[in-house]
Each structure stands twice: as C-alpha cells, then as structure tokens.
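One letter stands for each residue in the lines below.
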Amino acid sequence: MGSNQETEFPVIDFTQYPSNPSEISSQLFDAFHQWGFLVLKGHGIPKGDVEEIFSLSKEFFAQPLEAKQEKPLNLHGQGYDLKESMSATPPRISSTHPNTSPRIGVHEALCFGNITLSPDSNFAPFWTPQKRQTIESFRSKCQSLSALLFTALATQMRISPSFFTTPHNPHKPPGNALRLIHYHPLSNPPRKPDVTPRLCEHTDWGTMTFLFATEPGLEVQTPDGKSWVTAPVVDDAIVVNIADGLCLSTGKTLKSTVHRVTWDVVPWDKERFSVAFFVNANADAPIRVLEQSDAGKFVEKEGAVKATYGDYQNVRIKMIEKHDNHISDEEVAIDPVLWEMVKGLGAGVGEDLEKNDEEVRI
Ligand SMILES: O=C(O)CCC(=O)C(=O)O
Ligand SMILES: [Fe+2]
C-alpha cells in the first residue's frame, strides 16, 4: 500500500463497477481491510430519494417533543429515541436490541426496524401510508446496494459470490434498520468537563452500515488507531463501513472501525442531520468464519466456533448486562469460546465497555 492510501480516506466510484468489477471489488476490499470505511460515489440510489428522506426527517424532528415522544423506541427497534445524557455518570447502557444497539450521546433519532417482521406498528400519525412507503422503498434500495457490495467483496475474496448475501435475507429477523438522526441544538452549552459527546466512540453491531449526511460530523479512527479524521462529505455519495458481525466472520480481515461525533464538529448551538442504514445478518444464520489460505483465497476456518449471528448478538447483549450489573465473566452463561471471540473484536462498545465509559466522561 502506498502512503496515500494509508492516510487518505478512501473514495470509490461505483459507477465503474459494471464495466470493471474486478478493479472496483479490489478497491472496496482494500479500503475495508485497511480503514473499515469508505466514501462510495455513484452508488445508484437516486439523489431525489435521499433528499426526500432528509426532508421527511427534518419535518418529523421539527415537531414538538410531545408529538415525537408519542411512540418511543420499542423492543422491535421502532420508534423515537431521545439521547440526552449529559451528566458526569453516563446512563447505564440498556438498549438490548441489535437494531438499536447501545449508543450514548446527545441527539434524537427515529428508528425504523423491519416493519414486515414486527407485529405492531409504532409510528405516530405523522407517518402516513405514503410517507411510510417512501421509507420502505428507500430501505429496499439500500438493501439491494448492500447485496451488490457483499457480492463484490465475496468475489474479491474468491469465495462463493453468495457467501455474504445468503445470511442477509431482509425478510428474516432481525432485518435491517433505518435510523434518522438529528443532532439537535441545545439551549445551553453542555457543562465541562463532565460532558457526554454528541455520539460516543463505538463500532456498529451489524455487518455493514451506510451513512448519509450533507454536512461533516462523523469522525473515524485512522488505520494506525492513533488519530481521527473527519469523513469527507462528497456530494451524492454515501459513507459505508464494516460492522462487527462482518469483521467477526472475516477473521478481522474486514475492519470494524471506531467512529464518533464530537461537540467540536457539531457544536451545542448547531444542528446536523444524518441517516444511517444498518445491515444485519439473520439471527439463525451460522457465522462461517473465514481465513486466508496460503494460496491467497479465503476459506472457512477449521475448528472455528459454531455459532449463529443470533448467538453473537446475544453475547453483545450479555456484555451490556454484565457491565450494567457488575457481574463476573463466570456468571455470564455463554459459551466461553464465543465470548472470547466476540471480546477479541475489540468492539468500541462491548469488550471495551469499561474503557469506553471512561472515554465518555471526557
Ligand atoms: O451520525 C453520524 O454521522 C454517525 C452515526 C453512527 O455512527 C451510528 O448511528 O451508528
Ligand atoms: Fe455507528
């Protein structure tokens, strides 16, 4: 790798993929291997669709708090999620659904867990059938794009092209999640030094995430882990990152990188909107751990832990419970091999919960 690739945030033009799949797949693999993050231009999701989602988001968050709070986030990962922890002691991380995963910060969000999987709808009257249709259609375009990226990565790794798409049936639990995020302006500056960040340092739980934003704000740890860079905002492009589930299944070949939003980039009296699309693997799908063979291609690792993505998600939930209730590793009834494997991810909020807690108390 040249020094530029080590220091510059990767930007990839996906319009070249149909005509030159091997070159673009190789660029995707390299960026995810080194950074875990990239900016994807020419992704095919129409600009008008993205603008429509942002205008719905702005319209929704402009409502009075009572209207937004009418349907708070439920266990299916649907509803309004207000994060306003600004005390010296951050709140206990209590969210236990892979579609919502623990986040500490000062912002508000509306989360659309997979509606087809959820028995009850948890949306205020604001969400007319037409608006809901806009959300669902956008979500399905995001899902299709993720399938293309998974196929490109599998091809580059010389495994079956459907290796990653098979365990990503969006109609099976937990499904994907769309999160409209608003870093809202505050009436007073946060009290220093006991301030909670806009969004704490974390890695994502699922397998892949898309982040749509029109203004800078997202900071990503550099490949050497020593500093932070602001993800560039490129017109009509998406930030794509690898999440912990895919990092686990690729034996850390594809990196799940710590990221955050600070007060420096989104000050207390300013606001910022972003939209995150979280891709999750099916809970009942086995995690088939890969390793690189001597011949360079990827093969399934012999003797790797036998677990499903649902087992993995349960470990994450247990990690939070362990942290919240101060219980020992022995008291957590989990396959120790799986426990160690998930801990080995070095997830931003997970194995490093205690460390992360410290970091939250800037
Ligand atoms: O709003 C952003 O830029 C980042 C959001 C994010 O990382 C998340 O919700 O997991
Ligand atoms: Fe994230």
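Below or above, wherever it landed, is the structure these notes cover. (Residues numbered from 1 in each chain as written. Chains lettered and ligands numbered in written order. Predicted model: local features only at pLDDT ≥ 70, side-chain atom pairs only at ≥ 80, totals over all residues. Heavy atoms only, no water.)

1. Here we look at the environment of Asp204
Thinking step 1. Of note, Asp204 is situated in the loop between β6 (199–202) and β7 (208–213).
Thinking step 2. Under the relative-accessibility criterion, Asp204 is labelled buried at 5%.
Thinking step 3. Distance in space between the C-alpha atoms of Asp204 and Ala154 is 21 Å, their sequence separation being 50 residues.
Thinking step 4. Discounting residues that sit within four places of it in the chain, Asp204 has contacts with Thr209, Asn241, Ala243, Asp244, Ser256, His259 and Phe278.
Thinking step 5. A distance of 2.8 Å separates polar atoms of two side chains, one belonging to Asp204 and the other to Thr209. (Helix = DSSP H or I, 4+ residues; strand = E, 2+ residues; numbered from the N terminus. Buried < 20%, exposed > 50% of the residue type's maximum accessible area, 1.4 Å probe, protein only. Contact = heavy atoms within 4.5 Å. Polar contact = N/O pair within 3.5 Å; in protein donor to acceptor, adjacent residues only side chain to side chain.)

2. Some thoughts on the side chain of Asp49
Thinking step 1. Mapped onto the elements, Asp49 comes out in helix α3 (residues 47–61).
Thinking step 2. Filtering out sequence-adjacent residues up to four positions away, Asp49 remains in contact with Phe138 and Lys141.

3. Here's the deal with the coordination of the iron ion (ligand 2)
Thinking step 1. The coordination sphere of the iron ion (ligand 2), as far as protein atoms go, consists of His202 (NE2), Asp204 (OD) and His259 (NE2), spread over 2.1 to 2.2 Å.
Thinking step 2. When the donors of the iron ion (ligand 2) are listed by position in the chain, the intervening gaps give H-x1-D-x54-H. Remark: His259 occurs in strand β11 (residues 259–261) and His202 occurs in strand β6; sequence separation between them is 57 residues.
Thinking step 3. Overall, His202 belongs to the buried group, its relative accessible area being 5%. (Donors = N, O, S within 2.8 Å, 3.2 Å for Na, K, Ca; no water.)

4. Here's the deal with the packing of α3 against helix α5 (residues 129–156)
Thinking step 1. Where α3 contacts α5, the axes come no closer than 10 Å and their chain directions differ by 135°. Here α3 lies oblique to α5, going by the angle between them. Taken as a pair, α3 and α5 cross one another with a handedness that is left-handed. Between α3, through Asp49, Val50, Glu52, Ile53, Leu56 and Glu59, and α5, the contact on the second element is made entirely by Lys131, Thr134, Ile135, Phe138 and Lys141.
Thinking step 2. Of the residues belonging to the contact of α3 with α5, the class tally is five nonpolar, one polar and five charged. (Axes fitted to C-alpha atoms, helices over the stretch in contact; angles between N-to-C directions. Parallel < 35°, antiparallel > 145°, perpendicular 65-115°, else oblique. Left-handed = near helix turned anticlockwise from the far one by under 90°. Nonpolar A, V, L, I, M, F, W, Y, C, P; charged D, E, K, R; others polar.)

5. Topic: the site of ligand 1
Thinking step 1. In the region of ligand 1, 13 residues are neighbours, and Tyr183, His202, His259, Arg272 and Ser274 sit closest.
Thinking step 2. In isolation ligand 1 has 300 Å² of accessible area, and contact with the protein removes 98% of it.
Thinking step 3. At the level of secondary structure, the elements contributing two or more residues to the shell around ligand 1 comprise β5 (177–183), β6, β11 and β12 (272–279).
Thinking step 4. In terms of residue count, the dominant contributor to the shell around ligand 1 is β12 (three residues).
Thinking step 5. Tallied by class, residues from the shell around ligand 1 come to seven nonpolar, three polar and three charged. (Near = heavy atom within 4 Å. Areas by Shrake-Rupley, 256 points an atom, 1.4 Å probe, with all protein chains shown as cover.)

6. Describing the nonpolar core
Thinking step 1. Of all hydrophobic cores here, the largest spans 52 residues; its most connected members are Leu28, Trp127, Phe164, Met208, Phe210 and Phe212.
Thinking step 2. For this core, the leading source of residues is α5, giving nine residues.
Thinking step 3. Not counting chain neighbours up to four residues away, the residues in contact with Phe212 comprise Ile45, Val50, Phe54, Phe138, Cys142, Ile238, Ser274 and Val275.
Thinking step 4. Counting residues in each nonpolar core, the second largest holds 21 residues, with Phe37, Cys111, Tyr183 and Ala276 among its members. (Core = buried A, V, L, I, M, F, W, Y, C linked by side-chain atoms within 4.5 Å.)

7. Some thoughts on the pairing of strand β2 (residues 37–41)
Thinking step 1. Burial within β2 is extensive, with four of its five residues counted as buried.
Thinking step 2. Pairing of strand β1 (residues 11–13) with β2 involves three bridges; the strand directions are parallel. Opposite Val11, over in β2, you have Val39 as the bridge partner.
Thinking step 3. Once you follow β1 into helix α2 (residues 21–34) and on to β2, the crossover reads as right-handed.
Thinking step 4. As defined by bridge partners, β2 adjoins strand β10 (residues 238–242) across four bridges and the pair is classed as antiparallel. The residue bridging Leu38 from the neighbouring strand is Val240, located in β10. (Pairing = 2+ DSSP bridges. Right-handed = clockwise from strand over helix to strand, strands pointing away.)

8. What to know about the sheet that holds β6
Strand pairing in a sheet is mediated by backbone hydrogen bonds. Such pairs are either parallel or antiparallel.
Thinking step 1. Strand order across the open sheet formed by four strands is β6-β11-β8-β9, with antiparallel pairing between neighbours. Edge positions in the sheet fall to β6 and β9 (228–230), since each of these pairs with one other strand and no more. Adjacent strand axes in the sheet meet at a mean angle of 25° when their direction is disregarded.
Thinking step 2. Bridge count between β6 and β11: two bridges; the pairing is antiparallel. Bridge pairing in β11 links Leu199 to Val261.

Remember that the coordinates give geometry; whether it matters functionally is a separate question.
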